[in-house]
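Structure at a glance
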Amino acid sequence: TNVTSLYPRGMVFTLAPSSENGEIQDVILFLRYPHDSGTRVVAEWDPESEVYIAHPWPTGDGQPAWTHFDFYWRVRDANDNSVESDPIPLDYWDPTRVWHRLENDHYILYWYGLVDDNPDVFARVAAEAIDATHERRLAGFGEDIQYKPIGVIYASRDEMGEMYGTGVTNPTAGGFTSNALGMSLQFLATGLDVDQNIAWLAHVVNHELTHMWQYSVVGATTGPNWWTEGQAEWFGYTPGTYDIRLKNLATLQDLPTLSREVPRNTVQADGIMFLVYDVGPSFINWLNIYYGGMETHRAVVESMQTGIGLYDSLEAATGKTFFELENEWRVYIG
């Protein structure tokens, strides 16, 4: 097997199989990601080079650099004999840039464009942030994630968008998490200096890491957006100012109910969007203060692991109806 990376336009895999039992009928390349998700590509015979060629993600297909996967081949001949190769681990490497890499016990992180002359400056802060939040997540979720996640940080939104054939990305998102790939992606924030970007990224890599814990530990029943984003914010590296913002906002407008999804991109009375990132961690902060801390949070998670929804899980863990819990939290906000 030969492999060439054409990032951001995919990878080229070649194979030259033979069989004494009949002509080769088909050659298929399989890629496997975390959680047993994956894809397959049918290889085409190239008479000029006399090899089979498989080219996943030829137009970019939104596939990030540094995607980790195992690949293997399945070959079948005319007599229906088939054989699979042993899986081989590989990364979708980006040969167009010089990247930096950090790996510790809990995370693998790739980045460029941030203090490239002294990458250890960011590496030390990122490693400390990841290590410092691990035990808290472990206490809150009750078990560790089942794989080592990968974080990728691009220098800009446009450069992150190269992986799409159109170059289009969500204009309101600073990145995203792919649970199927076991990866999170961010880019350097515009308008922030180096120290501010380092601090912001140290928080956001833990935010996205928490999203991967949600999927790995809890599964598909992760709850409404205010809970999922609330957990990700609350388990981040630096405490947010969510309580402060909400105490002020409550003097300007009615806060939406937590019994349904909370607006994300709607401007509120204080001129700021992203309300979902404040009400969620505020509620979790209040819950941890007044209802048993991490033990109660873990009881909610363990209930949701069985397929029970968030609201029923909160009621079982606290002995209160959600109506009562939300009203008590609103009194806490003022």
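This structure is a prediction, so every number in the text was calculated from the model and none was measured.

Below, the discussion takes up the sheet that holds strand 13 (residues 175–178). Reading across from one edge, 10-11-12-14-13 is the order of the 5 strands in this open sheet, with mixed pairing throughout. Two strands lie at the open edges of the sheet, namely strand 10 (100–103) and strand 13, each paired on one side alone. The average angle at which neighbouring strand axes cross in this sheet is 15°, direction not considered. In this structure, strand 11 (residues 108–111) lies alongside strand 12 (residues 150–154), joined through 4 bridges in parallel fashion. Bridging from a neighbouring strand, Leu109 pairs with Gly151 of strand 12. Along the sheet, helix 1 (residues 120–141) contacts strand 10, strand 11 and strand 12; its crossing angle with strand 11, the most-contacted strand, is approximately 150°. Each of strand 11, strand 12, strand 13 and strand 14 (183–187) is contacted by helix 3 (residues 194–218), which is oriented at about 155° to strand 14, the strand it contacts most.

The subject of this paragraph is the packing of helix 5 (residues 242–249) against helix 9 (residues 322–333). The packing of two helices is summarised by the inter-axis angle and the distance between the axes. Across the interface, helix 5 lies against helix 9 with an axial gap of 9 Å and an inter-helix angle of 85°. Classed by the angle they form, the pair helix 5 and helix 9 counts as roughly perpendicular. Packed against helix 5, whose contacting residues are Asp243, Leu246 and Lys247, the element helix 9 presents Trp329, Tyr332 and Ile333 at the interface. Its residues placed into classes, the contact of helix 5 with helix 9 shows 4 nonpolar, no polar and 2 charged.

Counting through the fold element by element, Asn2 comes out in strand 1 (residues 2–5). Along the primary structure Asn2 and Ala155 are separated by 153 residues, whereas in three dimensions their C-alpha atoms are 30 Å apart. Excluding its chain neighbours within four sequence positions, the residues that come into contact with Asn2 are Val12, Phe13 and Thr14.

Right, let's get into helix 5. Buried within helix 5 are the following residues: Tyr242, Asp243, Arg245, Leu246 and Leu249. Burial along helix 5 is one-sided: seen end-on, the buried residues are contained in an arc of 160°. Where helix 5 is buried, its residues meet helix 4 (225–234), helix 6 (276–290) and helix 9.

This part covers empty space enclosed by the protein. As enumerated under the stated definition, the model contains 1 cavity of 30 Å³ or more in all. Roughly 40 Å³ of volume is contained in the largest cavity. What lines the largest cavity is simply Gln214, Val218, Thr221, Thr222, Trp227, Gln231, Val301 and Met304. When residues of the lining of the largest cavity are traced back to their parent elements, those giving at least two are helix 3, helix 4 and helix 7 (293–305). Class assignment for the residues of the lining of the largest cavity results in 4 nonpolar, 4 polar and no charged.

All right, on to unusual backbone geometry then. A negative phi angle characterises most non-glycine residues, just as the trans form characterises most peptide bonds. For the bond running from Tyr7 to Pro8, omega is 10°, close enough to zero to count as cis. Of note, Pro8 is situated in the loop between strand 1 and strand 2 (11–15). One non-glycine residue, Asp61, adopts positive backbone phi at about 55°. The topology assignment puts Asp61 in the loop between strand 6 (51–54) and strand 7 (68–77). Asp61 sits in the partly exposed class, given a relative accessible area of 47%. Its identity as a non-glycine residue notwithstanding, Phe274 has a phi of 60°, on the positive side. Phe274 gets classed as partly exposed once you look at its relative accessible area, which sits at 30%.

With antiparallel pairing, the 4 strands of this open sheet are ordered in space as 1-2-6-5. Looking along the sheet, the strands with just one partner apiece sit at the ends: strand 1 and strand 5 (44–46). Within this sheet the neighbouring strands show an average axis-to-axis angle of 30°, counted without direction. Examined bridge by bridge, strand 1 and strand 2 share 4 bridges and lie antiparallel to one another. Across the sheet, the residue bridging to Asn2 is Thr14, located in strand 2.

This next bit is on the nonpolar core. Of all hydrophobic cores here, the largest spans 54 residues; its most connected members are Leu109, Phe122, Trp226, Trp227, Phe283, Leu314 and Trp329. Element by element, the count of residues in this core is highest for helix 3, at 9 residues. In this structure, Phe122 is in contact with Leu109, Trp111, Leu114, Val115, Ile153, Ile198 and Leu201, ignoring residues within four places of it in sequence. One finds Leu31, Trp57, Ala65 and Tyr92 within the second-largest nonpolar core, a separate group that totals 35 residues.

Any two side chains of opposite charge can pair, so long as their charged atoms come close to each other. Here the structure, examined in full by the defined rule, presents 12 salt bridges. Lys320 is the salt-bridge partner of Glu328, the closest N and O atoms lying 2.7 Å from each other. Taking relative accessible area as the criterion, Glu328 reaches 27% and is therefore assigned partly exposed. Overlapping salt bridges, with partners in common, bring together Asp94, Arg97, Glu159 and Glu162 in one network.

As a further point, take the packing of helix 3 against helix 4. One can describe the packing of helix 3 onto helix 4 by two numbers: an axis separation of 7 Å at closest approach and a directional angle of 130°. Of the possible angle classes, the one that applies to helix 3 and helix 4 is oblique. You can see that helix 3 and helix 4 cross each other, and the crossing is right-handed. Two secondary-structure elements touch here, helix 3 through His203, His207, Thr210, His211 and Gln214 and helix 4 through Trp227, Thr228, Glu229, Gln231, Ala232 and Glu233.

Rules and cut-offs
Residues numbered from 1 in each chain as written. Predicted model: local features only at pLDDT ≥ 70, side-chain atom pairs only at ≥ 80, totals over all residues. Heavy atoms only, no water. Pairing = 2+ DSSP bridges. Helix = DSSP H or I, 4+ residues; strand = E, 2+ residues; numbered from the N terminus. Axes fitted to C-alpha atoms, helices over the stretch in contact; angles between N-to-C directions. Contact = heavy atoms within 4.5 Å. Parallel < 35°, antiparallel > 145°, perpendicular 65-115°, else oblique. Nonpolar A, V, L, I, M, F, W, Y, C, P; charged D, E, K, R; others polar. Buried < 20%, exposed > 50% of the residue type's maximum accessible area, 1.4 Å probe, protein only. Arc of directions from axis to C-beta. 1 Å grid on protein atoms, 1.4 Å probe; cavity = no way out; pocket = protein on both sides within 12 Å on 5 of 7 lines; lining within 4 Å. Points joined across faces, edges and corners; volume = space filled by probe spheres on them. Core = buried A, V, L, I, M, F, W, Y, C linked by side-chain atoms within 4.5 Å. Salt bridge = Lys/Arg side-chain N within 4 Å of Asp/Glu carboxyl O. Left-handed = near helix turned anticlockwise from the far one by under 90°.

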